[in-house]
Amino acid sequence: MGKPGMAEKLVDVLRRPDGDINRRPVHTIGISATGYFEPSPIAANFCVAEHFSAARTNVIVRFSNGSGCAAVHDGWSDVRGLAVRFHLSPDRDTDLIAMTLPEFFAPTPEAFLDFAHAAKPKLYTGETPWQKIVNLLQLILPKRDPYPNETISPDDGAIEFADHNPFAQLGVLQAATIGAPVSYVRAAYHAVHTFIVTDPDGMRRWVRFSWQPIAGVLRTDPAAPPEDDYLQDELKTRLASEPARFSLMMMIGEVGDDFNDSTRPWPPHRKRIMMGTLTLDAVPADQDAQSEKLSFNPGLLTDGIEASDDPVLQIRTDVYKVSSTWRGGTPCPFSQE
Ligand code: HEM
């Protein structure tokens, strides 16, 4: 085997001692669902991609917990993922991968590698009540106590890194306070990077996508957390009785917005276009083939949608290919290349 490139290093650094080498190194726990996407009446005016003009496009999605821990801890504060694969015709797919964090931790692959090294899980001890008081007196936020059975955590390393690297501060702060959703379909998910969409006149726009849940965003009460393993059953029960829906929102960037750095938010008053509705109505029975082995890739785009020059988005095509190969996932859309 040759020297590891950046993609291999990035996959390797994410592995945790409580992970599983045969599963994803992050977003390890997940469940897939199927349904369809219907574009809004105006979507095709902004983007020529097939799913914005076809009446209906079938999808498979995978919801996940962001952690690379292979044990289920739904109740723990954690980023959640929503990866969507649109089945275009014939035999072509495009992916849109999103998570509950609106901004990322690092502007470049090199900076993310440093961050991930710093945030490698360490023994999590919490603080004594006295230490919390001393910290409060010094205007330092006391650390949360570890959850039952939580022995290691990336929190300390991530916070320490953010203390010295301002670009990570927004992402780390948001991740530290993100909590747990009551349902996978009661969280908003962001594709984080900037993409370029082309309209029927050939005009290109720099945009950011997010999924907004029609049922609304709701987190669990940290003072009265549910059982630690509830998200998958909740989804199965919910979809057996009624479909769940998300709106696909597209924010249009303007001059001065950062198009190539996903640590930097855009002003909240940017124009937002409602691009369509995702309806989920079933959970596939074969979760091994349809979720565990499935391989999404943020580089799997289609005519009308391009990746921006964001170097993190660029490297992710190789990162997900390497990860899928290492864990024996099938089929990675890029592994035949
Ligand atoms: C350099 C930056 C990043 C690295 C190194 C990285 C790495 C990875 C890896 C290795 C996987 C597992 C892939 C597989 O085995 O199939 C993964 C999955 C995932 N990542 Fe990232 N990631 C990065 C940035 C992001 C960003 C910015 C987002 C949000 C848009 C994101 C959201 C997700 C989600 C939702 C999954 C789970 C996909 C699934 O369900 O299969 N990641 N990531």
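Everything in this summary refers to the structure shown in the same document.

Parameters and conventions
- Residues numbered from 1 in each chain as written.
- Predicted model: local features only at pLDDT ≥ 70, side-chain atom pairs only at ≥ 80, totals over all residues.
- Heavy atoms only, no water.
- Phe/Tyr/Trp six-rings, centres within 6.5 Å; stacked < 30°, edge-to-face > 60°.
- Helix = DSSP H or I, 4+ residues; strand = E, 2+ residues; numbered from the N terminus.
- Buried < 20%, exposed > 50% of the residue type's maximum accessible area, 1.4 Å probe, protein only.
- Donors = N, O, S within 2.8 Å, 3.2 Å for Na, K, Ca; no water.
- Pairing = 2+ DSSP bridges.
- Near = heavy atom within 4 Å.
- Polar contact = N/O pair within 3.5 Å; in protein donor to acceptor, adjacent residues only side chain to side chain.
- Nonpolar A, V, L, I, M, F, W, Y, C, P; charged D, E, K, R; others polar.
- Contact = heavy atoms within 4.5 Å.
- Salt bridge = Lys/Arg side-chain N within 4 Å of Asp/Glu carboxyl O.
- 1 Å grid on protein atoms, 1.4 Å probe; cavity = no way out; pocket = protein on both sides within 12 Å on 5 of 7 lines; lining within 4 Å.
- Points joined across faces, edges and corners; volume = space filled by probe spheres on them.

Side note on the packing of aromatic side chains
All chains considered together, the criterion is met by 18 aromatic pairs. Plain terms: the ring middles of Phe-105 and Phe-115 are 4.6 Å apart, the flat faces sit at 15° to each other, and that makes the pair stacked. Taken together, the positions of Phe-105 in the loop between strand 4 (92-99) and helix 3 (109-118) and Phe-115 in helix 3 put the pair ten residues apart, joining distant regions of the chain. Residue Phe-115 is classed as buried on the basis of its relative accessible area of 7%.

Some thoughts on the coordination of the iron atom of the ligand
Only one protein atom coordinates the iron atom of the ligand: Tyr-320 (OH), located 1.9 Å from the metal. Topologically, Tyr-320 is positioned in helix 9 (residues 311-326).

Here's the deal with the pairing of strand 9 (residues 204-213)
Burial within strand 9 is extensive, with seven of its ten residues counted as buried. Pairing between strand 7 (residues 189-190) and strand 9: two bridges, direction antiparallel. In the strand pairing of strand 9, His-190 is matched with Ser-210. Relative to strand 9, strand 8 (residues 195-198) is paired through four bridges, and the arrangement is antiparallel. Paired with Val-197 across the two strands is Arg-205, which belongs to strand 9. Across seven bridges, the pairing between strand 9 and strand 10 (residues 244-252) is antiparallel. Note that in strand 10 the partner of Ser-210 across the bridge is Met-249.

Side note on the site of the ligand
The local shell around the ligand holds 26 residues, among which Arg-24, Arg-62, Tyr-320, Ser-323 and Arg-327 are the closest. Here an oxygen atom of the ligand and a side-chain polar atom of Arg-24 are 2.8 Å apart. Taken together, the elements giving at least two residues each to the shell around the ligand come down to helix 1 (6-14), strand 3 (80-88), strand 4 and helix 9. Looking at the shell around the ligand residue by residue, the class counts come to 16 nonpolar, six polar and four charged.

Focus on the environment of Thr-194
Counting through the fold element by element, Thr-194 comes out in the loop between strand 7 and strand 8. For Thr-194, a relative accessible area of 1% corresponds to the buried category. For Thr-194 and Val-255, which are 61 residues apart along the polypeptide, the C-alpha to C-alpha distance reads 13 Å. What Thr-194 contacts, discounting residues up to four positions off in sequence, is Trp-206, Val-207, Arg-208, Asp-258, Phe-259, Trp-266, Ala-307, Ser-308 and Leu-313.

Comments concerning unusual backbone geometry
One non-glycine residue, Asn-149, lies in positive phi territory at about 70°. Inspection of the secondary structure assignment puts Asn-149 in the loop between helix 4 (129-137) and strand 6 (152-153). Asn-149 sits in the exposed class, given a relative accessible area of 69%. Residue Val-192 is not a glycine yet carries a positive backbone phi of 70°. Here Val-192 shows up in the loop between strand 7 and strand 8.

Some points on the pattern of salt bridges
Going through the model one piece at a time under the given rule, you end up with 16 salt bridges. The salt bridge partner of Asp-156 is Lys-143, with a shortest N-O separation of 3.1 Å. Taken together, the residues span a long stretch of sequence, with Asp-156 in helix 5 (residues 155-164) and Lys-143 in the loop between helix 4 and strand 6 at a distance of 13 residues. The partly exposed category is assigned to Asp-156, whose relative accessible area is 31%. For Arg-144, the salt bridge identified is with Glu-150, shortest N-O distance 3.0 Å. The exposure class assigned to Arg-144 is partly exposed, which follows from its relative accessible area of 28%.

Concerning the layout of surface pockets
By volume, the largest pocket is sized at about 1,000 Å³. Around the largest pocket sit 36 residues that line it, and Tyr-124, Arg-144, Asp-155, Ala-176 and Thr-177 are the ones nearest its centre. Listed by contribution, the elements that provide at least two residues to the lining of the largest pocket are helix 5 and helix 6 (169-176). For the lining of the largest pocket, the leading source of residues is helix 5, giving six residues. Partitioned by chemical class, the residues of the lining of the largest pocket number 17 nonpolar, nine polar and ten charged. Looking at the second largest pocket, its volume works out to about 230 Å³. Lining the second largest pocket are 14 residues; nearest its centre among them are Pro-102, Glu-103, His-190, Arg-208 and Met-251.

With respect to empty space enclosed by the protein
Inspection of every chain in the model, using the stated rule, returns three cavities of 30 Å³ or more. Approximately 80 Å³ is the volume attributed to the second largest cavity. Taken together, His-51, Phe-52, Phe-86, Thr-94, Asp-95, Leu-96, Phe-195, Phe-209, Leu-248, Leu-301 and Ile-305 form the lining of the second largest cavity. Broken down by element, the lining of the second largest cavity gets its largest block of residues, three residues, from strand 4. Per-class residue counts for the lining of the second largest cavity are eight nonpolar, two polar and one charged.

Treat this as a map of the structure, not an account of what it does.
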